[in-house]
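For reference, the chains in residue letters:
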Amino acid sequence: MHKNYFRIVFTVLLLPVFLQMHAQSTATVSGSLRDAQNGETLIGATVEAVGLGKGNVSNEYGFYSFTLPAGDDSLTLRFSYLGFASEERRVKPRGNIKLDVSLSPEGTVIQEVVIKANSMEDKVRSTEMSVATISTREAKALPALFGEVDVIKILQLKPGITPGAEGTTGLYVRGGNSDQNLIVLDEAVVYNANHLFGFFSTFNSDAVKDLKVYKGGFPAQYGGRLSSVIDVRMKEGNNQKFSGSGGLGLISSRLTLEGPIQKDKSSFIVSGRRTYADVITRMVNRANEGKKDYNPIPDYYFYDLNTKVNFTLSERDRLYLSGYFGRDVFGFDNETFNFNFGWGNATGTARWNHVFSPKLFSNTTATYSNYMYEITNQLTGFSFSLGSNIMDINLKQDFFYQPTNNHTVRFGANATHHSFEVARLKAGSDDGSINFESGQDFTGMEYGVYGNDEWAATEKLKISYGARISAWNNKPAFYWGFEPRVAANYAFTKRFALKASYARMYQYSHLLASSGLSLPTDIWYPSTEGVKPEISDQIAVGTSVMVTDNVLITWEAWYKWLQNQVDFIDGAELFGNDALENELTIGDGFAFSPVELEIEKKDGKLTGWIGYTLAWVRRGNFPDINNGAEFAPRYDTRHNVSVVGMYELSKRWQLTATWVYTSGYTSWLPLGRYTFQDVPGGSFQPVVPVYGDRNTFRYPAYMRADLGVMYKWRTRRTEQDLTLSVYNATDRRNPYFIYLEPETVPVEGTGVEVPVSISAKQVSLFPILPSITWNFKF
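Here goes a summary of the coordinates provided. (Residues numbered from 1 in each chain as written. Predicted model: local features only at pLDDT ≥ 70, side-chain atom pairs only at ≥ 80, totals over all residues. Heavy atoms only, no water.)

Regarding the overall build of the protein chain
Rules: Working definition: helices are DSSP H or I runs of at least four residues, strands are E runs of at least two. Numbering for both runs from the N terminus. With a 1.4 Å probe rolled over the protein chains alone, any residue whose accessible area is under 20% of its type maximum counts as buried; one over 50% counts as exposed, and the rest are partly exposed. The contact rule is simple, with two residues in contact once any of their heavy atoms fall within 4.5 Å. The accessible surface values rely on the Shrake-Rupley method and a 1.4 Å probe; as for residues, cover is taken only from the protein chains in view.
A tally of helices and strands in the protein chain yields 5 helices and 47 strands. Across the 778 residues in the protein chain, those meeting the buried criterion constitute 53%. In the protein chain, of all internal contacts separated by at least 6 residues, the share reaching a separation of at least 24 is 64%. Carbon and sulfur atoms make up 58% of the accessible area of the protein chain, which totals about 33,700 Å².

Some remarks on the nonpolar core
Stated formally: What makes a nonpolar core is a set of buried Ala, Val, Leu, Ile, Met, Phe, Trp, Tyr and Cys residues whose side-chain atoms join them at distances within 4.5 Å.
With 82 residues, the main nonpolar core has Leu155, Phe203, Leu211, Ile230, Val422, Leu512 and Tyr525 as its most contacted residues. Aside from chain neighbours lying at most four places away, what touches Val422 is Gly387, Ser388, Gly439, Gln440, Asp441, Phe442, Ile523, Trp524, Tyr525 and Leu580.

Quick word on the sheet that holds strand β9 (residues 131-134)
Note the cut-off: At least two bridges found by DSSP between two strands is the condition for calling them paired.
The sheet built from 5 strands is open, its strands ordered β9-β16-β17-β12-β13 with mixed pairing. Only two strands of the sheet have a single partner each, and these edge strands are β9 and β13 (188-189). Bridge analysis of strand β12 (residues 181-185) against strand β17 (residues 228-234) gives 5 bridges, and the strand direction is parallel. Paired with Ile183 across the two strands is Ile230, which belongs to β17.

Quick notes on unusual backbone geometry
Following Lys475, the chain continues into Pro476 via a peptide bond in cis, with omega recorded as 5°. For Asn626, which is not a glycine, the phi torsion comes out positive at approximately 60°. With respect to the helices, strands and loops of the structure, Asn626 is situated in the loop between β36 (606-620) and β37 (639-648). Residue Asp731 is not a glycine yet carries a positive backbone phi of 60°.

Quick word on the pattern of salt bridges
Stated formally: When a carboxyl oxygen of Asp or Glu is within 4 Å of a side-chain nitrogen of Lys or Arg, the pair counts as a salt bridge.
Considering all chains together, one arrives at 36 salt bridges under this definition. The partner of Arg495 in a salt bridge is Asp549, and the shortest N-O contact between them spans 2.7 Å. Of this pair, Arg495 sits in the loop between β29 (477-493) and β30 (496-507) while Asp549 sits in the loop between β33 (534-548) and β34 (551-568), and the two are 54 residues apart along the sequence. Assessed through its relative accessible area of 32%, Asp549 is described here as partly exposed. The salt bridge partner of Arg504 is Asp537, with a shortest N-O separation of 2.7 Å. You can see Arg504 sitting in strand β30 and its partner Asp537 sitting in strand β33, a full 33 residues away along the chain.

Focus: a nonpolar patch on the surface
Here is the rule: Only residues whose relative accessible area exceeds 30% and that take part in no salt bridge are eligible for patches, with like-charged residues grouped when within 9 Å of each other and nonpolar side chains (Val, Leu, Ile, Met, Phe, Trp, Tyr) grouped when within 5 Å.
Side chains of Leu248, Leu250, Leu722, Leu724, Ile772 and Trp774 sit close together on the surface and give an oily, nonpolar patch of about 500 Å² of accessible area. Tracing the chain through its elements places Leu724 in strand β44 (residues 719-727). Owing to a relative accessible area of 37%, Leu724 belongs among the partly exposed residues under this scheme.

A few points about the packing of aromatic side chains
Heads up, the rule is: Only centres within 6.5 Å qualify two rings of Phe, Tyr or Trp (six-membered ring in Trp) as a pair; their planes then separate them into stacked at under 30 degrees, edge-to-face at over 60, and tilted for everything else. Only lysine NZ and arginine CZ atoms are considered, and such an atom sits over a ring when it is within 6 Å of the ring centre and within 35 degrees of the ring normal.
Applying the stated criterion across every chain yields a total of 38 aromatic pairs. Consider the rings of Tyr214 and Tyr222, whose centres lie 5.5 Å apart with planes at 45°: the pair is tilted. Among the residues examined, Tyr214 registers a relative accessible area of 6% and is labelled buried. Three or more aromatic residues link up through ring pairs in this structure, and these residues are Tyr559, Trp561, Phe590, Phe592 and Trp616. It is Arg274 that lies over the ring of Tyr301; its NZ or CZ is 4.1 Å from the centre.

Considering the side chain of Ser536
Put simply, the rule reads: In the analysis that follows, any N or O atom pair within 3.5 Å is treated as a polar contact, provided that within protein one partner can donate a hydrogen and the other can accept it, and provided that, for residues neighboring in sequence, both atoms belong to side chains.
Assignment of secondary structure puts Ser536 in strand β33. What makes Ser536 buried here is its relative accessible area of 1%. Among the polar contacts listed, one links the side chain of Ser536 to the backbone oxygen of Leu226, at a separation of 3.3 Å. With near-sequence residues (within four places) excluded, Ser536 lies in contact with Leu226, Ala503, Arg504, Met505, Lys560, Trp561 and Leu562.

Some words on helix α5 (residues 277-287)
Here is the rule: The reported arc concerns the directions from the helix axis to the C-beta atoms and nothing else.
Every buried residue of α5 is listed here: Asp278, Thr281 and Asn285. Burial along α5 is one-sided: seen end-on, the buried residues are contained in an arc of 65°. Across α5 from its buried face, at more than 90 degrees, point the exposed residues Ile280, Met283, Arg286 and Ala287. Summarising the contacts, the buried residues of α5 are in contact with β20 (266-275) and β21 (299-312).

Some thoughts on the pairing of strand β47 (residues 769-777)
Summarising the sheet, strand β18 (residues 243-248) and β47 pair through 4 bridges and their orientation is antiparallel. From the neighbouring strand, Gly246 faces β47, where its bridge partner is Phe776.

Side note on the pairing of β18
Burial analysis of β18 places 5 of its 6 residues in the buried class, which makes it a mostly covered element. Pairing analysis gives 6 bridges linking β18 to strand β19 (residues 252-262), with the strands arranged antiparallel. Note on β19: the bridge partner recorded for Gly244 is Leu257. A loop of 3 residues connects β18 with β19, the two strands running antiparallel in sequence.

A closer look at the environment of Ala193
As for its position among the elements, Ala193 is in the loop between β13 and β14 (194-195). For Ala193, a relative accessible area of 9% translates into the label buried. As a C-alpha pair, Ala193 and Asn345 span 152 residues in sequence and 8.1 Å in three-dimensional space.

Concerning the sheet that holds strand β6 (residues 87-91)
Rules: For helices, the fitted line uses only the C-alpha atoms of the stretch in contact; every axis is such a line through C-alpha atoms, and the angle between N-to-C directions lies from 0 to 180 degrees.
Strand order across the open sheet formed by 4 strands is β3-β2-β5-β6, with antiparallel pairing between neighbours. Because the sheet does not close on itself, it has two edges, and the strands there are β3 (54-57) and β6. Sheet twist, expressed as the average angle between the axes of neighbouring strands with direction ignored, equals 20°. Of the pairings in the sheet, the one linking strand β2 (residues 46-49) to strand β5 (residues 75-80) comprises 4 bridges and is antiparallel in character. Within β5, the residue paired with Thr46 across the bridge is Ser80.

Quick notes on the environment of Ser80
Structurally, Ser80 can be placed in strand β5. Spatially, the C-alpha atom of Ser80 lies 6.8 Å from that of Val47, the residues being 33 residues apart in sequence.

Points about the environment of Arg327
In this structure, Arg327 sits in strand β22 (residues 317-333). What makes Arg327 buried here is its relative accessible area of 16%. Residues Arg327 and Phe302 lie 25 residues apart in sequence; the distance between their C-alpha atoms is 5.5 Å. Reaching out from Arg327, the side chain makes a polar contact with the backbone oxygen of Gly344 at a distance of 3.4 Å.

Below is the structure:
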């Protein structure tokens, strides 16, 4: 049966390709596109045959392939990329031509306008929809919390993406949970992309080359999550000269070094970041050591290390090796009590690019991913530890095949071995009289095979169609799913197009969150006989309108169905539980938006975007939550508005600002409370809350304005800037959480206090916070 599915999928997928393979004589130009200054590959660069009206783009590895009609007359090819000067090359279209091209940054004004106009036209004509990209230039310019540049937080400013709690890096994309985002760094999965309980992400912007987010219309090569794909790619390292960059901020410092191992052939990059609050707290603790009644200040710090090397083995082969290691460390120690809490990610990627022919490119990748946390506590005579861990080993093979300019075919397969250590609790006394251990261990295999063709059916109509077949084996549980993917673009003109997409996704690993926040103690749990895979179906329609050469308006409407959503039963026991599955409940959900709008300007002194989303999110059919009735989850925010602006005042001065508005989050607060007296004249017992339907209370709206100013200067060998950021410039006290507090009055002559009223108390986290950061590059 499974074999028949494979045959049907790939026959349907490749049939138009074979039908359009023509017998006329053609020539193929192929190669790679790079940055002339540092040798970095250029993703999504444009190749155009001048006068023929034909074009193509480089893939995510910088490879391009372009078919031309054969002949004796020379043709002009134009190569262009956003922010780079275009290059033109004359070729005689005969046979197979290998042509590697390097583009130089910051071309002439006329060239740059043409490039940016082409870039906008590419977006209008592309079948891709529900896609957001963030450049490191934008991320570094915008004001940030404590001056810490964070590409993930910039994503929260894009329409369709709802942030988590204030200041955190949580992402809720189109009604999905935070665990339903597939975050990959150089193709390795990152399970917890947060530092400091979510206030900073794991991605050091100095090491990031490209970041792309798919909110829907997912390409067939991606699977395993329901709501989004966040594809982060590291820099490859400068293969022309040794260089470096870094910065010094209020809470952390960072340094990046890169250079050639062999010029034009191989390069390396090493990038590190560390906070240093613990250095100050340790100095304070040492200065007060031995003082009576002094309580030591806890230690906390986090660090990241990114490394990458690449080697050009031959004209057809290139090898990449990259890794990431990051940790958060929290510790408290005194004479009788020792508490340590550590968590972090480790990833590794080995990737081999091979060019079989001018039309066929392959990428073979092996990745390693690990996320763990551990809490240890030692008291006099007793100790315990608590932790969880998830580890993946993945092997995948991807092919990129371009038989003609009208067809771009991708196909491949992958296999992942998962290991889960869930809520492992160990406790014991020093003398061995007490010894306790609980928790669960799981292993599972996840498989995927896919194929996709992007077909330019006519000059106006493009169709991307394909499918992914996924499977999960966690003996004795076995699940599989057929995941069709289709997207279409009809361009009425070069400036106006209609788009539509549909995608089905399966998710076999689930995050069990003990609160509405993204905490390191949240647990990853596999699909089992009792926990089925989560499924989503998303359909979207939209338009892209290029108002001017550098202003693009994008509107989308979408609807998402969610099945088999996993959640905790109210009052569930998370730790020390060998039957955690019994604490889970399964339900469904949906989300929809009639308006997801973005107005984007990419050129000129003033750049930025305006985003607006109107959306509804619902969950329901959970037998053990809200009596199975429908309810709004915490991140159901009706209106989301973001305004982002960057203004080049001069070559030295740049002004930046952001403004965000979000309808209040929902919350489950008691409708009332009661107390009782155990015997006449006795004391009153604690106040007991009375809850109604889930999440019927809504917080006040969240609103924040951030401001920034950057001063840039150059010396003979360096580029430097000083960036001043003001977070929450209006000093608005937004609610972080709200709790209810009973007010009591004493009963005269009894010594008893009686509750008379209940008031709501708001806790706000961040007032106005200025920060300053010095950045340098050499």
